[in-house]
Amino acid sequence: MKYVVLLSDGMAGRPIEQLGGRTTLEASHTPTMDRLAATAEVGLAAMVPQGMAPGSDTANLSVMGYDPRIYYTGRSPLEALSIGVEMEETDVSVRCNLVTLSEETTAYEDRKMLDHSAGEISTEEAKILIEAVKKELEEDGYEFHVGTSYRHLLLQKQGSITELIPPHDILGQTVGSFLPKEKLLRDKMKKSYDILSSHPINQKRKAQGKNPANSIWFWGAGSRPSLDSFLEKTGKKGIMISAVDLLKGIAAGAGMDVAAVEGANGGLHTNYEGKAKAALDALIKDGYDFAYIHVEAPDEMGHQGLVEEKMKAIEYVDQRVLRLLVEGMEEAKEEVRILVLPDHPTPIAVRTHTSDPVPYLLYDSTRERVGVEGFGERAASETGISLSEGYRLIERLFAV
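Since the structure is predicted, the reported quantities are computational estimates derived from the model, not experimental observations. (Residues numbered from 1 in each chain as written. Predicted model: local features only at pLDDT ≥ 70, side-chain atom pairs only at ≥ 80, totals over all residues. Heavy atoms only, no water.)

Visitor: How should unusual backbone geometry be read in this particular structure?
Guide: Peptide bonds are mostly trans, and most non-glycine residues show a negative phi. One non-glycine residue, Glu120, adopts positive backbone phi at about 50°. Topologically, Glu120 is positioned in the loop between strand 4 (113-115) and helix 6 (123-137). Even without being a glycine, Gln158 presents a positive backbone phi close to 55°. Note that Gln158 resides in the loop between strand 6 (151-156) and helix 7 (183-196). (Helix = DSSP H or I, 4+ residues; strand = E, 2+ residues; numbered from the N terminus.)

This is the structure in structure tokens:
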């Protein structure tokens, strides 16, 4: 038996009037999910423990079977693992986003957060911009490290963890009241605007109608993480397939391998087929027991408040990943159990994560049960299956 988690990040949401009271998941054309859900276990699972922030960090730890209340030490440290940044016990890692702030005022505090991802800036452009910031703002005890797209990090030696606000939580809002209380971090963010706003790359982006990456934004601080081995914990040899450093970092911390997929970028136009092929190759040819396929696009479209694009991302996951995965396993005559779910909702109306329980379907190619008609939030809620400890859902995937 082979095992797969297909994590469609932020796929769940809330009813939208323009969709006739349906969510983006319910309104999307998802024939593969619907077909599997008809003979699968379908229910709701709370992936974010009560009292914890609904981030992809806590939620994906839960999906992987790690109780965030025990294992979570902050988001950025997990990403540090992915890009090979060595952390001492006294170090603090801080996420450093490239963001787009409004330009209509001269005071940094009066600017608005327009885009937490600077238009999903390319890693090639971002690297040049972070190097420019690094040249001017790096000093003893503070190291900038390049990540992927808009996601980078600042390592503080002998640091302290302070409360920092995620940029995707304040979209459209004036940033002044959300700036770090720590003066040094606050000053670095302000100075970064002077460095980046006039940079040739951003001038070119503006000329092309793209959002400029005109500031850095710190959030997600944490200390060095320590995860138990996934193989020792589950008995399954696993591989992670994701374009996002956070997921790669969780995999690294858990001792899992990471597949490199050309063209996988975490955006709407990522290499969906490449992710499906990487999973099939790992499971059928390379002897892996378990594949975790992470697709970021629905979450990104939710943050941007784009209804049609979020639906398109969900449909791409269905047709360009899940369908190919199922067909490939059937062609190889491999028995498989597939868990399809989001980590958290990213409702269009709020443009950020919420802690609402998420719908899941658990399909077993060797068994048939009475499932639901049409996979979505309402259908999942009507089955009566509801897990309050989401980190235990993976036990159901691996159950004999």
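Visitor: I'm lost on the sheet that holds strand 10 (residues 290-295) in this one. Help?
Guide: Sheets are built from strands that pair by backbone hydrogen bonding, the pairs being arranged parallel or antiparallel. As summarised here, the arrangement of the 8 strands in space is 9-8-10-1-11-12-2-13, forming an open sheet in which the pairing is mixed. Strands with a single pairing partner mark the edges of an open sheet, and in this sheet they are strand 9 (257-258) and strand 13 (386-387). Pairing of strand 11 (residues 336-341) with strand 12 (residues 358-364) involves 4 bridges; the strand directions are antiparallel. Residue Val340 lies in a different strand from strand 12, and its bridge partner there is Leu361. (Pairing = 2+ DSSP bridges.)

Visitor: How should I be thinking about the pattern of salt bridges in this particular structure?
Guide: One pass over the full model with this rule turns up 24 salt bridges. Arg14 is paired through a salt bridge with Asp356; the nearest N and O atoms lie 3.0 Å apart. Within this pair, whereas Arg14 is found in the loop between strand 1 (2-8) and helix 1 (24-27), its partner Asp356 is found in the loop between strand 11 and strand 12, the two being separated by 342 residues in sequence. What you see here is one network of salt bridges that share partners, running through Glu41, Arg369 and Arg396. (Salt bridge = Lys/Arg side-chain N within 4 Å of Asp/Glu carboxyl O.)

Visitor: In this structure, what is going on with the side chain of His294? I would like to understand it.
Guide: Here His294 lies in strand 10. Since its relative accessible area comes to 0%, His294 is described here as buried. In terms of polar contacts, His294 uses its side chain to reach the side chain of Ser242, at 3.0 Å. Not counting chain neighbours up to four residues away, the residues in contact with His294 comprise Leu7, Asp9, Asn60, Ile241, Ser242, Val244, Leu247 and Lys275. (Buried < 20%, exposed > 50% of the residue type's maximum accessible area, 1.4 Å probe, protein only. Polar contact = N/O pair within 3.5 Å; in protein donor to acceptor, adjacent residues only side chain to side chain. Contact = heavy atoms within 4.5 Å.)

By themselves, these are just geometric observations and shouldn't be taken as functional.
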